[in-house]
Amino acid sequence: MARRNLNDLLAFVTVAREGSFTRAASVLGVTPSALSQALKALEERLEIRLLTRTTRSVSPTQAGERLLAAIGNRFDEIEAELDALTALRDKPAGTVRLTSGDFPLRTLLLPRLMPLMHRYPDINIEFDVSYGLRDIVADRFDAGVRLGESIDKDMVAVPIGPPLRMAAVASPAYFARVPPPKVPADLTGHRCINMRFPTRGGLYAWEFERRGRAVNVRVDGQLTFNTSPHMVLAALDGLGIAFLPEDEFAPHLEDGRLVRVLADWCPPFPGYHLYYPSRRQHSPAFALVVEALRR
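Below, the structure is looked at part by part. Numbering of residues starts from 1 in each chain and follows the order in which that chain's sequence is written. Totals for whole chains, interfaces and linings use every residue, but because this is a predicted model, local features are given only for residues with pLDDT of at least 70 and side-chain atom pairs only at 80 or more, for both listing and counting. The basis for every side-chain value is the complete set of non-hydrogen atoms in the structure, without hydrogens or water.

## Some details on the overall build of the protein chain
We count a stretch as a helix when DSSP gives it H or I for four or more residues in a row; a strand needs E for two or more, and each element gets its number in order from the N terminus. Within the protein chain one finds nine helices and 14 strands. With the C-alpha coordinates of the protein chain rotated into their principal frame, the extents come out at 75 × 50 × 35 Å. Relative to its 295 residues, the protein chain shows a buried fraction of 43%. Areas reported here follow the Shrake-Rupley algorithm with a probe of radius 1.4 Å; residue values treat only the protein chains shown as occluding. As displayed, the protein chain offers around 16,300 Å² of accessible surface, 52% of which is attributable to carbon and sulfur atoms. Partly exposed residues are those whose accessible area sits between 20% and 50% of the maximum for their type, while under 20% is buried and over 50% is exposed, using a 1.4 Å probe and protein chains only.

## Digging into the sheet that holds strand β6 (residues 155-159)
Paired strands, in this sense, are two strands between which DSSP finds at least two bridges. Strand order across the open sheet formed by five strands is β4-β3-β5-β14-β6, with mixed pairing between neighbours. Taken across any chain shown, the strands that pair with only one partner, and hence form the sheet edges, are β4 (123-129) and β6. Here the average twist between neighbouring strands, direction ignored, is 25 degrees. Relative to strand β14 (residues 272-277), β6 runs antiparallel, the two sharing five bridges. The residue bridging valine 158 from the neighbouring strand is leucine 274, located in β14. Here, two residues are considered to be in contact whenever any of their heavy atoms come within 4.5 Å of each other. To get an axis, a line is fitted to the C-alpha atoms, and for a helix only the part in contact is used. The angle between two axes follows their N-to-C directions and goes from 0 to 180 degrees. The strands touched by helix α5 (residues 102-119) within the sheet are β3 (94-100), β4, β5 (143-147) and β14, with β4 carrying the most contacts at an inclination of about 175 degrees.

## So, the pairing of β4
One face of the sheet, then the other: side chains in a regular strand alternate in exactly this way. Alignment of β3 against β4, held across seven bridges, turns out to be parallel. Bridged to threonine 99 within β4 is aspartate 128. As for the winding sense of the linkage, the β-α-β connection from β3 through α5 to β4 is right-handed. Looking down the strands as they point away from the viewer, one classifies a crossover as right-handed if the path from the first strand across the helix to the second runs clockwise.

## A few points about the packing of aromatic side chains
Planes of paired rings set the category: under 30 degrees apart is stacked, over 60 is edge-to-face and the rest tilted, where pairs are Phe, Tyr or Trp rings (Trp by its six-membered ring) whose centres lie within 6.5 Å. Under the definition given, this model contains five aromatic pairs. The interplanar angle of 20 degrees and the centroid separation of 5.0 Å between the aromatic rings of tryptophan 206 and phenylalanine 243 together place this pair among those described as stacked. Remark: phenylalanine 243 occurs in strand β12 (residues 242-245) and tryptophan 206 occurs in strand β9 (residues 206-210); sequence separation between them is 37 residues. The exposure classification of tryptophan 206 matches that of phenylalanine 243, with both residues buried. Note on phenylalanine 208 and phenylalanine 243: the rings are 4.8 Å apart at their centroids and 40 degrees apart in plane angle, and the pair reads as tilted. Taken together, the residues phenylalanine 208 in strand β9 and phenylalanine 243 in strand β12 connect sequence positions 35 residues apart.

## Notes on the sheet that holds β12
If you walk across this open sheet you meet the three strands as β12-β7-β13, and the pairing is antiparallel. Lying at the two open borders of the sheet, with one neighbouring strand each, are β12 and β13 (259-261). Taking each pair of neighbouring strands and ignoring which way they run, the sheet shows an average axis angle of 45 degrees. Strand direction decides the pairing type here: strand β7 (residues 166-170) and β12, joined by four bridges, are antiparallel. The residue bridging alanine 168 from the neighbouring strand is phenylalanine 243, located in β12.

## As for the side chain of histidine 190
Counting through the fold element by element, histidine 190 comes out in the loop between α6 (172-177) and β8 (194-195). N or O atoms within 3.5 Å of each other form a polar contact, as long as, within protein, one can give a hydrogen and the other can take it, and as long as residues adjacent in sequence are counted only when both atoms are side-chain atoms. Within the structure, histidine 190 has its side chain in polar contact with the side chain of tyrosine 174 (distance 2.8 Å). Apart from residues lying up to four places away in sequence, histidine 190 is in contact with Tyr174, Val178, Pro179, Pro180, Pro181, Asp220 and Ile241.

## Notes on the packing of helix α2 (residues 21-28) against helix α3 (residues 32-46)
Two elements in contact, α2 and α3, have axes separated by 9 Å at closest approach and are oriented at 100 degrees. Classified by the interaxial angle, the pair formed by α2 and α3 is roughly perpendicular. Note on element contacts: α3 touches α2 through Pro32, Leu35, Ser36 and Leu39, opposite Phe21, Thr22, Ala24, Ala25 and Leu28. Its residues assigned to classes, the contact of α2 with α3 shows seven nonpolar, two polar and no charged. Each angle gets one of four labels, with under 35 degrees taken as roughly parallel, over 145 as roughly antiparallel, 65 to 115 as roughly perpendicular, and the rest as oblique. Side-chain classes are defined by residue name, with Ala, Val, Leu, Ile, Met, Phe, Trp, Tyr, Cys and Pro counting as nonpolar, Asp, Glu, Lys and Arg as charged, and the others, Gly among them, as polar.

## Side note on the environment of proline 162
Mapped onto the elements, proline 162 comes out in the loop between β6 and β7. C-alpha separation for the pair proline 162 and arginine 295, spaced 133 residues apart in sequence, amounts to 8.0 Å. Residues within four places of proline 162 in sequence aside, it is in contact with Gly271 and Arg295.

So this is what it looks like as structure tokens:
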């Protein structure tokens, strides 16, 4: 009976996290109908409803949220301890799940992790490209990559890149039509290329600072994106001023296809960091990933 209860609890945690019987059944290697029956039996034994089911989704009830918070991390810890047993093998193995934006993935993670994967063929790495502020604990990632100033204090933060500076840029053709801005407030009279935060849904207010004076400007324009590569392309096409870390524009600034403005309003700030929970037991494979990325 105890083994059956443990299996049913694992089934509940998986369904609650996946939000779907079909996806959870795929993860667990069972049929959706068998999973549904197991959850129904668990609810009957506990005499309380744990999941709210609709035709499109599944979500935890208040009691389900409480149970998930109580036992979800316990299953994660068991899984991590099992992964840690790979230390007894000649070669570290297992899957490491990382979430990151596209730019740090291309410029920092892949160049440093490709040699590691050649050296340790039993290590698998799964990348999730996201521009939102993912909850790595709830979404079951081993680690994430963010700018240093945006990481929660209860996380371990490992610098993996140099300090960054923001850059406001546009094409020479754009500035041939309108005079360049001299101070951040001038941006309100320009066509600017906006960034919408995927997680919070709001538009990014451009942040400037000079001599200790901080200025935030809400800009307007024809285009809004939630990924940076398309903002670069739009700037190159003369559709307005874009505002991103300067490294994203570097080759185009060097060849003159983009022109920088307001540089004296863009001081350095902490660059990209790898972050992960301080209380989680990590596998040897994860330790190798951290060491390869550490700056």
